[in-house]
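Letter by letter, the chains look like this.
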Amino acid sequence: MSNELLTPEKVRQIRKEVFGITSRKEFSELVGFGVASIQRWESGTLRQGQANDKYLRLLQHTAKTAGVSSLSADDPAAARSLVRDIFKKEDV
């Protein structure tokens with residue numbers, strides 16, 4: 001894995017395309033980042049730290065493995081529902 005942090009475009013892509021979530025607020029509630037942090041990362045005003053970058057990559061991998069990515073384009077509501085189910089489980 002590269003030591004480079006995800007670009008602002010890639011952070012935005014993870015939220016919108018991988019998770020099918022257009023709202024930063026909804027994404028923040030789902031994954032635990034602050035709305036302001038997400039906005040800064042996506043605008044390039046501030047880059048996420050390495051720990052948050054790794055967490056974003058893990059979220060992306062988890063979503064892709066669970067099939068969220070393929071749902072996002074076809075049925076965004078189903079994708080959001082699946083993501084909520086994945087991340088609200090007690091055993092995660």
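All of the points below concern the structure found in this document. (Residues numbered from 1 in each chain as written. Predicted model: local features only at pLDDT ≥ 70, side-chain atom pairs only at ≥ 80, totals over all residues. Heavy atoms only, no water.)

The next thing to look at is the environment of Thr22. Among the secondary structure elements, Thr22 is positioned in the loop between α1 (8–18) and α2 (24–31). Residue Thr22 is classed as exposed on the basis of its relative accessible area, which comes to 65%. Considered as a pair, Thr22 and Arg12 are 10 residues apart in the sequence and their alpha carbons are 9.2 Å apart. (Helix = DSSP H or I, 4+ residues; strand = E, 2+ residues; numbered from the N terminus. Buried < 20%, exposed > 50% of the residue type's maximum accessible area, 1.4 Å probe, protein only.)

Now for the pattern of salt bridges. Using the criterion set out here, one finds 4 salt bridges in the structure. Here Glu29 ties to Lys25 by a salt bridge, and the two come within 2.5 Å at their closest N and O atoms. Residue Glu29 and its partner Lys25 are both found in helix α2; the two are separated by 4 residues, about one turn of the helix. Judged by its relative accessible area of 56%, Glu29 falls in the exposed class. Note that Asp53 and Arg57 form a salt bridge whose closest N and O atoms lie 2.7 Å from each other. (Salt bridge = Lys/Arg side-chain N within 4 Å of Asp/Glu carboxyl O.)

Turning our attention to the packing of aromatic side chains. Aromatic ring pairs are reported here in terms of the distance separating the ring centres and the angle at which the planes meet. What the rule picks out here adds up to 2 aromatic pairs. Their ring planes at 80° and their centres at 5.3 Å tell us that Phe33 and Tyr55 sit as a pair that is edge-to-face. A residue pair is termed long-range when its members are at least 10 positions apart, and Phe33 in the loop between α2 and α3 (35–43) and Tyr55 in helix α4 (residues 50–65) qualify at 22 residues. Each member of the aromatic cluster is reached from another via a ring pair, and the members are Phe33, Trp41 and Tyr55. (Phe/Tyr/Trp six-rings, centres within 6.5 Å; stacked < 30°, edge-to-face > 60°.)

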